[in-house]
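Observations on the model geometry
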Amino acid sequence: MKNISLRITSQMEEDRVPPRCGNLKISPAEEDSILNSVENALPENSDVEAEVFFTEAVMDVSADGRITIRYEESELSGMEGTTTELIFTKDEPTLVTLRRTGTVRCALVMEEHRQHSGVYETPVMPLDLTVTTHSLTNTVTEDGGVLDVYYSIRFGTVTSTRTRLKMEVTVR
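Residues numbered from 1 in each chain as written. Predicted model: local features only at pLDDT ≥ 70, side-chain atom pairs only at ≥ 80, totals over all residues. Heavy atoms only, no water.

Right, let's get into the overall build of the chain. Assigned secondary structure in the chain consists of one helix and ten strands. Within the chain, buried positions represent 39% of all 172 residues. Looking at the chain alone, contacts between residues at least 24 apart form 46% of all its contacts between residues at least 6 apart. Carbon and sulfur atoms make up 51% of the accessible area of the chain, which totals about 9800 Å². (Helix = DSSP H or I, 4+ residues; strand = E, 2+ residues; numbered from the N terminus. Buried < 20%, exposed > 50% of the residue type's maximum accessible area, 1.4 Å probe, protein only. Contact = heavy atoms within 4.5 Å. Areas by Shrake-Rupley, 256 points an atom, 1.4 Å probe, with all protein chains shown as cover.)

Set out below in structure tokens:
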């Protein structure tokens, strides 16, 4: 297990997705296509202000090549009491699982150009969600590197959050 430092840069923008189309009969695939068209990428020159966090973490590299980065969320992230883990393998660095335990619980699978569904459990209530990963670059190894991911999270069919997350990993 290695001690590491993380520099996390996050840009987040919330959209209101139009409600279902009343009496209009469309297939689930057509509805997904309509909803996904609303979830355009945050451009590099986006007006959305980036938040930058620094935190200490640990990295565990198992014999089979699985890399786990683990850190405690803070009051700054709004998830105090939550542990976040990012898990991937050396063989498939662009298939990343983000797992949270504690006051907030979830497991999000991020894989470029793919959608995955899950449940985000909060102290108030569970929320069904769909994660769409638009781009994902991961150069993190046991020596450090960068995880850069742009994704959308849709809660039901009402709210969509677009996030660009960049995590710089430095071994101490």
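There is more to say after this.
Take the environment of Val-149 next. When you line up the elements, Val-149 lands in strand β9 (residues 145-155). Overall, the relative accessible area of 1% leaves Val-149 in the buried class. Separated by 15 residues in the primary sequence, Val-149 and Arg-164 have C-alpha atoms spaced 5.9 Å apart.

Another point: unusual backbone geometry. Leaving glycine out, the prevailing phi sign among residues is negative, and the prevailing peptide bond configuration is trans. The backbone phi angle of His-113 is positive, close to 65 degrees, even though this residue is not glycine. Relative to the elements of secondary structure, His-113 occurs in the loop between β6 (106-111) and β7 (114-121). A relative accessible area of 64% means that His-113 is categorised as exposed.

As defined by bridge partners, strand β8 (residues 126-138) adjoins β9 across nine bridges and the pair is classed as antiparallel. Paired with Thr-132 across the strands is Ser-152, a residue of β9. Two successive antiparallel strands, β8 and β9, enclose a turn made up of six residues, where Gly-144 displays a positive phi of approximately 110 degrees. (Pairing = 2+ DSSP bridges.)

Here the structure, examined in full by the defined rule, presents one aromatic pair. Look at Tyr-120 and Phe-155: their rings are 6.5 Å apart centre to centre, the planes differ by 80 degrees, and that puts the pair in the edge-to-face class. In this pair, Tyr-120 is assigned in strand β7 and Phe-155 in strand β9, connecting sequence segments 35 residues apart. The partly exposed category is assigned to Phe-155, whose relative accessible area is 24%. (Phe/Tyr/Trp six-rings, centres within 6.5 Å; stacked < 30°, edge-to-face > 60°.)

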